[in-house]
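# Coordinate analysis (summary)
The lines below spell out each chain.
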Amino acid sequence: MDRRDFLKGTAALALTVGIAGRLGNAAAAEQQPPAEGKTPDLVALRGDSPAEMVDAGIALFGGMSAFVKPGQSVVIKPNIGWDRPPESGANTNPELVGRMVSRCLEAGAKEVSVFDHTCDNWVASYSKSGIRAAVEAAGGKMVSGAVEEDYREVDIPGAVNMKKAKVHRLILDSDVFFNVPVLKHHGGAKLTCAMKNFMGLVWDRRHMHANNLQQCIADASLIRRPDLNVVDAFRVMTTGGPRGNANSVVRNLRSLLLSRDIVAVDTASARMIDFPLSTIGHIPAGQKLGLGTTELGKLDIRRVVL
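The present account deals with the structure reproduced in this document. (Residues numbered from 1 in each chain as written. Predicted model: local features only at pLDDT ≥ 70, side-chain atom pairs only at ≥ 80, totals over all residues. Heavy atoms only, no water.)

### Section: the packing of helix α4 (residues 50–60) against helix α5 (residues 94–106)
Their axes nearest at 8 Å, the elements α4 and α5 cross at an angle of 45°. It follows that α4 is oblique to α5 by the angle criterion. Once α4 is placed against α5, the crossing between them reads as right-handed. Contacts between α4 and α5 involve P50, A51, E52, V54 and D55 on the former and, on the latter, E95, L96, R99, M100 and R103. Here the residues of the contact of α4 with α5 sort into five nonpolar, no polar and five charged. (Axes fitted to C-alpha atoms, helices over the stretch in contact; angles between N-to-C directions. Helix = DSSP H or I, 4+ residues; strand = E, 2+ residues; numbered from the N terminus. Parallel < 35°, antiparallel > 145°, perpendicular 65-115°, else oblique. Left-handed = near helix turned anticlockwise from the far one by under 90°. Contact = heavy atoms within 4.5 Å. Nonpolar A, V, L, I, M, F, W, Y, C, P; charged D, E, K, R; others polar.)

Below, the structure written as C-alpha cells:
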C-alpha cells in the first residue's frame, strides 16, 4: 500500500473521510471529543511521528484517562524480541512506547512497567531496540521477561489446544494492560501483530510451536483482553521476519492502528500489507473463540492523517 492508496482509504477498511481535517494535529486531537459521544471500534492513523499519532488515536477513545485511573498499575507489552535497531522493523517503535509511558503517568498511574519474553538476549534486545532508553526517560520501568519464577500457571478457559500456560505476573497482576506489537512478517505464524504478541507473555513457547501454532496463538489471546491494542505499522518488515536479515524488505508505512478488538486490528493490519487472511490461521481462530470480528465493514473505523 502506498501513500496515495492509504489516503484514499480502502473498502476493506471502510475508513471515514474527514477526520484529519477536524483534528488538524495531535494537540488539537487531545481536545477533540469522540464523535457523537461514541468511541470508534478502530482508528487508523498516518503521520511522521509515532508519538503524535498515538496521542491523536487515544484522544478518539476519550484520552488516556479513559483507560488509566489515578493509582493504577499499568503494563505495556511491546515486541522487544530481537537484538535489532529501530530501523530494522523487528521491534516496536521506541518513540511510541515512550510516549505511552508518559501519558500513563500523566493520567496518574502509580507505575508503568514494560517487558517482553525476548528471543535474543533480553538485555541486548532491550538496549538495541531503543525501548529501554525511551521507557526510562519517560519514567517507566523495564522488567525482565527471562525469569521463570515471574510466571504463574493459569487455566485458559475456552482454549482449544493450550488450556494452561505460565503467564508473566505483570499481565496477571497489573490493573491496565496495553498490547503494543509491531506489524511484520513471520516465517512460522505468517504475521506478527496483536494476537501473535501474546507469545511474549507466556513462558513455554515451544509448546505453542509443537501443538498447532496458529490455534495456540488464538488460545493465548484468551488469557487477558488488552484494554487497548496499539499496532506499530510505522516501519513494516514485509519479508524475512521475525528477526529480519540482509534481504528483508522494510516499508515505511508511517501508520498506527488502535482498537479494543484484537481480531479486528489484526485483520486490518493484514489487509494493510496485503497478507491474505486465508494464510493466517490464528485470526479466524480468534474470531471463532469470540475474541473479536474479521467483518470490518460492520465497524466504526476512523482515519486520521497528521
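### Focus: helix α10 (residues 213–220)
For α10, the tally of buried residues reaches eight of eight residues, placing the bulk of the element in the interior. All buried positions along α10 are accounted for by L213, Q214, Q215, C216, I217, A218, D219 and A220. Of the surrounding elements, those touching the buried residues of α10 are β9 (190–192), α9 (205–210) and α12 (282–288). (Buried < 20%, exposed > 50% of the residue type's maximum accessible area, 1.4 Å probe, protein only.)

### Re the environment of L299
Within the element layout of this structure, L299 appears in the loop between α12 and β12 (301–305). L299 sits in the buried class, given a relative accessible area of 17%. Along the chain, L299 and A264 lie 35 residues apart, while their C-alpha atoms are 8.8 Å from each other. Leaving out residues up to four positions away in the same chain, L299 has contacts with D41, A264 and T293.

### Quick word on the environment of G89
Along the chain, G89 falls in the loop between β2 (73–78) and α5. It is 9.7 Å that separates the C-alpha atoms of G89 and S248, two residues lying 159 residues apart in sequence. With residues up to four places along the chain from it excluded, the contact list for G89 reads V182, K184, R235 and M237.

### Describing the pairing of β2
Of all six residues in β2, six are buried, a share of seventy percent or more. Both faces of β2 are covered, namely the face carrying S73, V75 and K77 and the face carrying V74, I76 and P78. Inspection of the sheet shows β2 paired to strand β3 (residues 111–114) by four bridges, in the parallel sense. In the sheet register, V75 faces β3, and the bridge partner there is S113. This β-α-β element, β2 to α5 to β3, shows right-handed connectivity. Pairing of β2 with strand β7 (residues 176–180), which is carried by five bridges, proceeds in the parallel orientation. Bridge pairing in β7 places K77 opposite N179. (Pairing = 2+ DSSP bridges. Right-handed = clockwise from strand over helix to strand, strands pointing away.)

Read these as spatial facts, not as claims about activity.
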